[in-house]
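Survey of secondary and tertiary structure
Given next are the chains, with one letter for each unit.
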Amino acid sequence: ELRSYDGRLQDNVQAQRSLHFILGSTRLFYMWGRPFLFTSDIYRKQLYDIIPYDVDNVRLRYYPDQTGEGFAQGIDFRVHGEFVKGTQSWFSVSFLQTKENIVGDTYSVYFDPNGNEIYKGQLNQVPSYTEEVREVGWIRRPRDQRINISAYFEDHMPGDPTLRVYLNLVFGSGYPFGPPGNARYRNAFAGDEYYRADVGFSKKFDISINDLFTHIWVRAEVLNALAADNTLSYTWIEDVYGAQFAIPNSLSARFLNIKISAEL
């Protein structure tokens, strides 16, 4: 966060500051004769002297020559317990909002003689134009994911608890995005929703080696079982008039994962 977008090192950057307010509750209850835990949290995080950043594919690109203020607020709910006896499962719902206001962040709007707004690339096509400078104001931060819902359910064979299967479900609303180098439309658009389902099968083996008892877990997982076409980022292209278009880049499709772990 000390290195600017063009790679230069900034030596006069102030440390980011934040103030947190969190209110949480935890409730233990019994259902079907088994214990369950329900937790809820409400939070507000006030941000000062923030360093803005953009998400470029899997890379964070910072703007240490700029600063501003921001906030993050939301609420989380989670229930955890033995929905199936002898296994652990959970369900969670989260709501989040985070925004920022960058100091001195402005953009220009151009109008033709009739008062119609025109692209910057069209300025040489009109006899005259007027320019109006506006403040960007509050915008969504790059990680402003409003809704996130996830669930994890595990079960085992009735006659063999060492043979288990799990289902992991995730849904999240889209992250904001915008064209590069455009203050007016920075994080102005909502990306596609994210959804994913994972299925896993595991088997436990009990092995004794040199009087040392060991549990070996072998797990086979089908990740992104529905082959969801989730968007990671966008590649921007521009036409001769200065209009920009976003081309989505997708995450990995369905794939198989094998995992082996040992417990002493």
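Shown above is the structure to which this text applies.
All values derive from a computational prediction rather than experimental measurement.

1. A few points about the overall build of the protein chain
Along its length, the protein chain carries 0 helices and 19 strands. When the backbone C-alpha atoms are referred to their principal axes, the protein chain occupies close to 85 × 40 × 40 Å. Among the 264 residues that make up the protein chain, the fraction classed as buried is 30%. When contacts within the protein chain are restricted to residue pairs at least 6 apart in sequence, those whose partners lie at least 24 apart make up 60%. Element-wise, carbon and sulfur atoms account for 55% of the exposed surface of the protein chain, whose accessible area totals about 16600 Å².

2. What about the packing of aromatic side chains?
Within this structure, the stated rule accounts for 15 aromatic pairs. Relative to Phe36, the ring of Phe29 has its centre 5.7 Å away and its plane inclined at 20°; by these criteria the two rings are stacked. Its relative accessible area of 17% is what places Phe29 among the buried residues. Taken together, Phe29, Trp32, Phe36, Phe83 and Phe153 form an aromatic cluster joined through their ring pairs. Directly above the ring of Trp90 sits Arg78, whose terminal nitrogen or CZ lies 4.4 Å from the centroid. Above the face of the Tyr175 ring, Arg143 is positioned so that its terminal group lies 5.3 Å from the ring centre.

3. Here we look at the side chain of Arg141
Tracing the backbone shows Arg141 in the loop between β10 (138-140) and β11 (147-157). Residue contacts for Arg141: discarding those within four places in its chain leaves Leu47, Ile50, Ile51, Tyr53, Thr98, Lys99, Glu100, Pro176 and Asn187.

4. Details of the pattern of salt bridges
Applying the stated criterion to the full structure yields 12 salt bridges. Arg164 serves as the salt-bridge partner of Glu154, at 3.9 Å between the closest nitrogen and oxygen. Within this pair, whereas Glu154 is found in strand β11, its partner Arg164 is found in strand β12 (residues 160-172), the two being separated by 10 residues in sequence. With a shortest N-O distance of 2.9 Å, Asp160 and Lys203 are connected by a salt bridge.

5. Focus on the sheet that holds strand β7 (residues 106-111)
Pairing between sheet strands relies on hydrogen bonds along the backbone, with the strands arranged either parallel or antiparallel. Strand order across the open sheet formed by 3 strands is β8-β7-β9, with antiparallel pairing between neighbours. Both outer strands of the open sheet, β8 (117-118) and β9 (130-135), are each paired with one neighbouring strand and no more. Where β7 lies against β9, 6 bridges are found, and the strand directions are antiparallel. Paired with Val109 across the bridge in β9 is Glu132.

6. Overview of a nonpolar patch on the surface
On the surface, a nonpolar cluster with roughly 660 Å² of combined accessible area is contributed by Phe205, Ile207, Ile209, Val218, Leu256, Ile258 and Ile260. Contributing elements (two or more residues each) for the nonpolar patch: β15 (194-209) and β19 (255-263). Secondary-structure assignment places Leu256 in strand β19. Under the relative-accessibility criterion, Leu256 is labelled exposed at 60%.

7. Concerning the environment of Asp160
As for its position among the elements, Asp160 is in strand β12. The exposure class of Asp160 is partly exposed, given its relative accessible area of 24%. Sequence separation between Asp160 and Lys203 is 43 residues; the distance between their C-alpha atoms is 9.6 Å. Within the structure, Asp160 has its side chain in polar contact with the side chain of Lys203 (distance 2.9 Å).

8. Focus: the side chain of Asn230
Mapped onto the fold, Asn230 is located in the loop between β16 (212-223) and β17 (231-238). Given a relative accessible area of 3%, Asn230 falls into the buried group. Sequence-distant contacts of Asn230, defined by excluding residues within four places in its chain, comprise Glu193, Tyr194, Tyr195, Asn249, Ser250 and Leu251.

9. Some details on the pairing of strand β18 (residues 244-250)
Taken together, the 7 bridges between β17 and β18 define a ladder with antiparallel strand orientation. Residue pairing across strands places Thr235 opposite Ile247, the latter belonging to β18. Remark: 5 residues form the turn of the hairpin made by β17 and β18, two consecutive strands paired antiparallel; Gly242 in that turn has positive phi of roughly 90°.

Rules and cut-offs
- Residues numbered from 1 in each chain as written.
- Predicted model: local features only at pLDDT ≥ 70, side-chain atom pairs only at ≥ 80, totals over all residues.
- Heavy atoms only, no water.
- Helix = DSSP H or I, 4+ residues; strand = E, 2+ residues; numbered from the N terminus.
- Buried < 20%, exposed > 50% of the residue type's maximum accessible area, 1.4 Å probe, protein only.
- Contact = heavy atoms within 4.5 Å.
- Areas by Shrake-Rupley, 256 points an atom, 1.4 Å probe, with all protein chains shown as cover.
- Phe/Tyr/Trp six-rings, centres within 6.5 Å; stacked < 30°, edge-to-face > 60°.
- Lys NZ or Arg CZ within 6 Å of the ring centre and 35° of its normal.
- Salt bridge = Lys/Arg side-chain N within 4 Å of Asp/Glu carboxyl O.
- Pairing = 2+ DSSP bridges.
- Patch = residues over 30% accessible without salt bridge, like charges linked within 9 Å, V, L, I, M, F, W, Y side chains within 5 Å.
- Polar contact = N/O pair within 3.5 Å; in protein donor to acceptor, adjacent residues only side chain to side chain.

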